[in-house]
Amino acid sequence: MNWDDTDGDAPTQDDAAERLVGASADGEDQAVEAALRPKSLDEFVGQERVRVQLDLVLKAALARGATADHVLLSGAPGLGKTTLSMIIAAEMNAPIRITSGPAIQHAGDLAAILSSLQEGEVLFLDEIHRMSRPAEEMLYMAMEDFRVDVIVGKGPGATAIPLELPPFTLVGATTRAGLLPPPLRDRFGFTGHMEFYESVELERVIHRSAQLLDLEIDAEGAAEIAGRSRGTPRIANRLLRRVRDYSQVKEDGRITREVAEVALAVYEVDARGLDRLDRAVLQALLKLFGGGPVGLSTLAVAVGEERETVEEVAEPFLVREGLLARTPRGRVATPAAWAHLGLVPPQQAPGTTGQPGLFGA
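Quantities reported herein were computed from a predicted structural model and do not represent experimental measurements.

Asks: Explain helix α12 (residues 276-288) here, please?
Replies: Since there are 3.6 residues in each turn of an α-helix, residues three or four apart along the chain are aligned in direction. In this model, α12 (13 residues) spans 17 Å end to end at C-alpha, consistent with the 18 Å of a helix rising 1.5 Å per residue. Three or more residues of α12 are buried, namely Leu277, Asp278, Arg279, Ala280, Val281, Leu282, Ala284, Leu285 and Leu286. N-capping of α12 is provided by Asp275, with a side-chain oxygen placed 3.3 Å from the backbone N of Leu277. A positive phi of about 60 degrees marks Gly290, the residue just after α12.

Asks: Whenever I open this one, the packing of aromatic side chains confuses me. Can you help?
Replies: A full pass over the atoms with the stated rule returns one aromatic pair. The ring of Phe317 has Arg230 lying over it, and the distance from NZ or CZ to the ring centre is 3.8 Å.

Asks: Can you walk me through the sheet that holds strand β7 (residues 190-193) in this structure?
Replies: Think of a sheet as strands paired side by side through backbone hydrogen bonds, with each pair either parallel or antiparallel. Overall, parallel pairing links the five strands, which are arranged β2-β3-β6-β1-β7 in an open sheet. With partners counted over all chains shown, the strands left at the sheet margins are β2 (96-100) and β7, one partner each. When the angles between neighbouring strand axes are averaged without regard to direction, this sheet yields 15 degrees. As paired strands, strand β1 (residues 71-74) and strand β6 (residues 169-174) are joined by four bridges and run parallel to one another. Among the inter-strand pairings, Val71 is bridged to a residue of β6, identified as Val171.

Asks: Help me out: how do you make sense of the pattern of salt bridges in this one?
Replies: Two side chains of opposite charge can pair, provided their charged atoms sit close to one another. What the rule picks out here adds up to 22 salt bridges. We note a salt bridge from Glu224 to Arg257, for which the minimum N-O separation is 2.7 Å. One end of the pair, Glu224, is in helix α9 (residues 219-227); the other, Arg257, is in helix α11 (residues 257-266), and 33 residues separate them in sequence. Judged by relative accessible area, which is 10%, Glu224 ranks as buried. Overlapping salt bridges, with partners in common, bring together Glu220, Glu224, Arg228 and Arg257 in one network.

Asks: Help me understand the packing of α12 against helix α14 (residues 307-320), please; the structure alone is not making it clear to me.
Replies: For any two helices packed against each other, the geometry comes down to the angle between their axes and how far apart the axes lie. Where α12 meets α14, the closest approach of the two axes is 10 Å, and the angle between their N-to-C directions is 90 degrees. For the element pair α12 / α14, the angle class is roughly perpendicular. Within the contact between the two elements, α12 uses Leu277, Asp278, Val281 and Leu282 and α14 uses Thr309, Val310, Val313, Ala314, Phe317 and Leu318. Residues of the contact of α12 with α14, tallied by class, amount to eight nonpolar, one polar and one charged.

Asks: Could you clarify how one ought to interpret the pairing of β2 in this entry?
Replies: Strand residues, when the strand is regular, have side chains that alternate between the two faces of the sheet. In this structure, β2 lies alongside strand β3 (residues 122-126), joined through five bridges in parallel fashion. Bridge assignment links Thr99 to a residue of β3, and that residue is Leu125. Running through helix α5 (residues 107-115), the crossover from β2 to the neighbouring parallel element β3 is right-handed.

Asks: How should the side chain of Thr256 be read in this particular structure?
Replies: Among the secondary structure elements, Thr256 is positioned in the loop between β9 (254-255) and α11. By relative accessible area, which is 12% here, Thr256 ends up buried. Polar contacts involving the side chain of Thr256 include one to the side chain of Glu258, which spans 3.4 Å. If we skip the residues at most four places from it in the chain, Thr256 touches Asp218 and Gly221.

Asks: So what exactly am I meant to see when it comes to the environment of Lys39 here?
Replies: Within the fold, Lys39 resides in the loop between α2 (27-36) and α3 (48-64). Residue classification places Lys39 among the exposed positions, given a relative accessible area of 52%. Placed 52 residues apart in sequence, Lys39 and Glu91 show a C-alpha to C-alpha distance of 8.8 Å. Those residues in contact with Lys39 that lie beyond four places of it in its chain are Ala34, Ile87 and Ala90. Only 2.9 Å separates the side chain of Lys39 from the backbone oxygen of Arg37, close enough to count as a polar contact.

Asks: What exactly am I supposed to notice about the environment of Val301 here?
Replies: Looking at the element boundaries, Val301 is found in helix α13 (residues 296-303). On the basis of relative accessible area, Val301 is assigned to the exposed category, the value being 67%. Separated by 17 residues in sequence, Val301 and Ala284 place their C-alpha atoms 9.8 Å apart.

Asks: Before we go on, may I ask you to explain unusual backbone geometry in this structure?
Replies: A negative phi angle is the norm for most residues apart from glycine, just as the trans form is the norm for most peptide bonds. Backbone geometry at Asn93 places phi at a positive 55 degrees, although glycine is not the residue there. Although it is not a glycine, Asp214 sits at a positive phi angle of roughly 60 degrees. Relative to the assigned elements, Asp214 resides in the loop between α8 (199-212) and β8 (216-217).

Asks: Please clarify how α14 should be interpreted in this entry.
Replies: Taking 1.5 Å of rise per residue, the 14 residues of α14 would be expected to cover 20 Å, and the 19 Å separating its terminal C-alpha atoms lies within 8% of that figure. Its maximal kink placed at Ala314, α14 deviates by approximately 45 degrees, while the proline Pro316 follows within four residues. Buried within α14 are the following residues: Thr309, Val310, Val313, Ala314, Glu315, Phe317 and Leu318. Positioned one or two residues after α14, Gly322 has a phi angle of 75 degrees, which is positive.

Asks: What should I look at first to understand a nonpolar patch on the surface in this one?
Replies: Among the surface-exposed residues, Val262, Val266 and Tyr267 lie close enough to one another that they form a single nonpolar patch of about 250 Å² accessible area. If you trace the backbone, Val262 turns up in helix α11.

Rules used in this analysis
Residues numbered from 1 in each chain as written. Predicted model: local features only at pLDDT ≥ 70, side-chain atom pairs only at ≥ 80, totals over all residues. Heavy atoms only, no water. Helix = DSSP H or I, 4+ residues; strand = E, 2+ residues; numbered from the N terminus. Expected span 1.5 Å × (residues − 1). Buried < 20%, exposed > 50% of the residue type's maximum accessible area, 1.4 Å probe, protein only. Polar contact = N/O pair within 3.5 Å; in protein donor to acceptor, adjacent residues only side chain to side chain. Phe/Tyr/Trp six-rings, centres within 6.5 Å; stacked < 30°, edge-to-face > 60°. Lys NZ or Arg CZ within 6 Å of the ring centre and 35° of its normal. Pairing = 2+ DSSP bridges. Axes fitted to C-alpha atoms, helices over the stretch in contact; angles between N-to-C directions. Salt bridge = Lys/Arg side-chain N within 4 Å of Asp/Glu carboxyl O. Parallel < 35°, antiparallel > 145°, perpendicular 65-115°, else oblique. Contact = heavy atoms within 4.5 Å. Nonpolar A, V, L, I, M, F, W, Y, C, P; charged D, E, K, R; others polar. Right-handed = clockwise from strand over helix to strand, strands pointing away. Bend = angle between axes of the 7 residues up to and from the residue. Patch = residues over 30% accessible without salt bridge, like charges linked within 9 Å, V, L, I, M, F, W, Y side chains within 5 Å. Areas by Shrake-Rupley, 256 points an atom, 1.4 Å probe, with all protein chains shown as cover.

So this is what it looks like as structure tokens:
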């Protein structure tokens, strides 16, 4: 229900988009999301802290008859940053303009967008951390003074023409807030960090989406899908659609726990949300290298993937789940990884009982 556009990390975008449990959105996802997005803060599920704070910011701006402060939303892909930007525009009864950092390569690109904004309009800038430096510096003045200097001509004869802008609200979205320079971060009046969702919240997302898609799903079926969704609403809705396909072809169209289990087994998504790539990384680490430590490049060769794919696509979730650790000596499997794959660790495996390894056991 609450999703974003792709995170835009070039080395892994295509790889991530091909995965059923990838947080990036392809064309099909974007088309379905448009129909399922909540239209107001009251409909938005999860992110309670951000939602309450943002509600106060917007209502206060409406009461003053002013445009809302600039908003920065950070967090992993698929958690609802794009959805919240659209809700901000809807709550402020304002139009919204959508663009992204990679699309703004020159200051002139940004000047053209800013000069065409209407008063009170919301400008959503996705992947704001990937904007070019000249455009970024122009944005400082636009956000603070609602003015830009357009350079006409080149060399000694160049002239700066000040251009006044109508008050607007910039909503920036980023998956890597640490890459934003402090002068840019400081110009946002409100900053919200999007957290991964709890299973209970994802169940609410799934029930709402099932209702909009005219699907019959019971509580246990929703819980099964939610438990494999990696804390991300976009993945939850994608898994729901794949389970729907299986149920309509192989069953009676109703989604139960048993149907969800069988369907997701067909798509190679296990009970913890790991897919083929995740398990391949763990199996290579455990079976070929005894649990590690092993270098990233060696591990990537063992699973037949690019180094960047393993590091940027598979590892983040494995680390977050406590199945893999990054250490100065290399990648190391945790005891939870051995247990998840049903393997018995050797006596000298890092982190096993009786061995003073990397995990201090």
